[in-house]
Amino acid sequence: MKKWLFIFALLLIFVVIQSIYLYNRALEPINKAEKTAVNLAKEHYKLKKIEEVTYFNGEESFQIIQALDNNDENIIIWVPDKNTKNMVMKKKEDGLTEKQVKKFAVSELDIKKLKDIRLGMKQGKPAWEITFIDSEGRYSFYYLQFDGETWIENYRLKAV
């Protein structure tokens, strides 16, 4: 009995170690892209503090960096993974907040279940991506310009 318990414990430890290893290997490219984007942003903009880095994968992949600059202004920098010379920087105050986007989405869109609201880039413009299930059960993507001026695109995927 003790022998089987020992073998089971060793097997469990092996599985946990392998899972951690695979998880870290899977995150390696994402972490590398994030680190590269942060270094590029620091080279081009005087940043005091990095507050958050998120990833957006659309027509092109972006690292989106929310930071505080040396003038204590909140800024957002969209850094493309491939053509890093095309970085875009906006003051956070010049765009909508996530709360404002959510209020817009709930009042203006046909939402049955809101899935996600996040920053992205669409057609070369900083945007908010709103992901939701509509009343017909379709998975939907709505892209609203960062400043809220107008929508960019709207996709609906047929329910299965």
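Quick note: structure is the one above.
In this text the structure is predicted, and so the values were computed from the model without any measurement. (Residues numbered from 1 in each chain as written. Predicted model: local features only at pLDDT ≥ 70, side-chain atom pairs only at ≥ 80, totals over all residues. Heavy atoms only, no water.)

Some words on the sheet that holds strand S2 (residues 61-69)
Argument step 1. The sheet built from four strands is open, its strands ordered S1-S2-S3-S4 with antiparallel pairing. Pairing within the sheet leaves two strands with one partner each, and these edge strands are strand S1 (47-57) and strand S4 (88-91). Direction aside, neighbouring strands of the sheet carry axes that sit 20° apart on average.
Argument step 2. In terms of strand pairing, S2 meets strand S3 (residues 74-80) through seven bridges, oriented antiparallel. Of the residues in S3, the one forming a bridge with Gln-63 is Val-79. (Pairing = 2+ DSSP bridges. Helix = DSSP H or I, 4+ residues; strand = E, 2+ residues; numbered from the N terminus. Axes fitted to C-alpha atoms, helices over the stretch in contact; angles between N-to-C directions.)

Quick word on the pattern of salt bridges
Argument step 1. Under the criterion given, the structure shown has eight salt bridges.
Argument step 2. We note a salt bridge from Lys-122 to Glu-59, for which the minimum N-O separation is 3.6 Å. In this pair, Lys-122 is assigned in strand S5 (residues 111-122) and Glu-59 in the loop between S1 and S2, connecting sequence segments 63 residues apart.
Argument step 3. For Glu-59, a relative accessible area of 55% gives the class exposed.
Argument step 4. The partner of Arg-138 in a salt bridge is Glu-136, with the nearest N and O atoms 3.8 Å apart.
Argument step 5. Exposure remark for Arg-138: the relative accessible area of 24% places this residue in the partly exposed category.
Argument step 6. Overall, Glu-136 belongs to the exposed group, its relative accessible area being 56%.
Argument step 7. Here the salt bridges share partners, and the residues they tie into one network are Asp-116, Arg-118 and Glu-129. (Salt bridge = Lys/Arg side-chain N within 4 Å of Asp/Glu carboxyl O. Buried < 20%, exposed > 50% of the residue type's maximum accessible area, 1.4 Å probe, protein only.)

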